[in-house]
Amino acid sequence: MHNSLYWLNYFTQNLKNKRIDWSIKPSLNQTEREKILKSLQAWQLGETSEGTNLINAATKHAKQLNDRHYTPTIKLFILEEQKHGNNLGKYLDLIGEQRIKKDWGDSLFRKIRGLNTHMEFWTIAVITVESTAQIFYQCLKDATECKLLKQICTDILIEKPHILLFRQKD
Ligand SMILES: [Fe+2]
Ligand SMILES: [Fe+2]
């Protein structure tokens, strides 16, 4: 079990790690493109949330716990998710595809999240998404021969400890 200060250091360090070599040219073939494009666009959008509701819930929670490192930690967690969104977006740009603005699944999830003012609900929501993400990015990585896309996936898969950050509070 780690405290918030541990996580604060973890995220600070992790954000400095550059694991993607952007000098590699994308090499997605047509079959791969058709198979993965829709889900790639949907996850790209999903990773770019502002996180305002989560920050509010975390701030409330931090006051109760009297933990001054908690909210800054959650903010860095959101920043890391946005980094994933940016990387996927950059990849979409490189292969000449659109970054989508709206996805019905995403809108629905955003609405549900809007109702989440308690950290307990957030914990469940985030663990669900993080677990699904681990499966999705592993599949995406296996589904392509493109070296750049594989590196982007690996970088996201390394984030596995996200689940632990939310689990540790129980
Ligand atoms: Fe992510
Ligand atoms: Fe994550």
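Conventions adopted
Residues numbered from 1 in each chain as written. Chains lettered and ligands numbered in written order. Predicted model: local features only at pLDDT ≥ 70, side-chain atom pairs only at ≥ 80, totals over all residues. Heavy atoms only, no water. Helix = DSSP H or I, 4+ residues; strand = E, 2+ residues; numbered from the N terminus. 1 Å grid on protein atoms, 1.4 Å probe; cavity = no way out; pocket = protein on both sides within 12 Å on 5 of 7 lines; lining within 4 Å. Points joined across faces, edges and corners; volume = space filled by probe spheres on them. Nonpolar A, V, L, I, M, F, W, Y, C, P; charged D, E, K, R; others polar. Expected span 1.5 Å × (residues − 1). Buried < 20%, exposed > 50% of the residue type's maximum accessible area, 1.4 Å probe, protein only. Arc of directions from axis to C-beta. Contact = heavy atoms within 4.5 Å. Donors = N, O, S within 2.8 Å, 3.2 Å for Na, K, Ca; no water. Phe/Tyr/Trp six-rings, centres within 6.5 Å; stacked < 30°, edge-to-face > 60°.

Caption draft 1: Expanded view of unusual backbone geometry. Here Asn66, not a glycine, exhibits a phi torsion of approximately 55 degrees, which is positive. With respect to the element layout, Asn66 can be found in the loop between helix 3 (52–65) and helix 4 (70–94).

Caption draft 2: Expanded view of the layout of surface pockets. Taken as a whole, the second largest pocket encloses approximately 160 Å³ of empty space. Lining of the second largest pocket is provided by Leu15, Asn17, Lys18, Arg19, Ile20, Trp22, Lys83, Asn87, Lys90 and Asp155. Tallying contributions element by element places helix 4 first for the lining of the second largest pocket, with three residues. Of the residues assigned to the lining of the second largest pocket, the class counts are three nonpolar, two polar and five charged.

Caption draft 3: Highlighting helix 3. Between its terminal C-alpha atoms helix 3 stretches 20 Å, which fits the 20 Å expected from 14 residues at 1.5 Å a residue. Listed in full, the buried residues belonging to helix 3 are Leu54, Ala57, Ala58, His61 and Ala62. Take helix 3 and look down its axis: the buried residues cluster within an arc of 140 degrees, on one side only. Where the residues of helix 3 are buried, they touch helix 4, helix 6 (119–143) and helix 8 (162–167). Among the residues trailing helix 3, Asn66 stands out with phi positive, at a value near 55 degrees.

Caption draft 4: Main features of the coordination of the iron ion (ligand 1). Within the first shell, the iron ion (ligand 1) binds the protein through Glu47 (OE), Glu81 (OE) and His84 (ND1), at distances of 1.9 to 2.2 Å. When the donors of the iron ion (ligand 1) are listed by position in the chain, the intervening gaps give E-x33-E-x2-H. Separating the iron ion (ligand 1) and the iron ion (ligand 2) is a distance of 3.4 Å, and Glu81 donates to both of them. Of the two residues, Glu47 sits in the loop between helix 2 (30–46) and helix 3 while His84 sits in helix 4, which places them 37 residues apart along the sequence.

Caption draft 5: How the structure looks around the packing of aromatic side chains. With the rule as written, the count across this model stands at eight aromatic pairs. Aromatic side chains Trp7 and Phe11 sit 6.3 Å apart centroid to centroid with 35 degrees between the ring planes, which places their arrangement in the tilted category. One end of the pair, Trp7, and the other, Phe11, are both in helix 1 (residues 4–16), four residues apart, so they sit about a helical turn from each other. The pair formed by Trp7 and Phe11 is uniform in burial state, with each residue classed as buried. Aromatic ring contacts, followed pair by pair, group Tyr6, Trp7, Tyr10, Phe11 and Phe77 into a single cluster.

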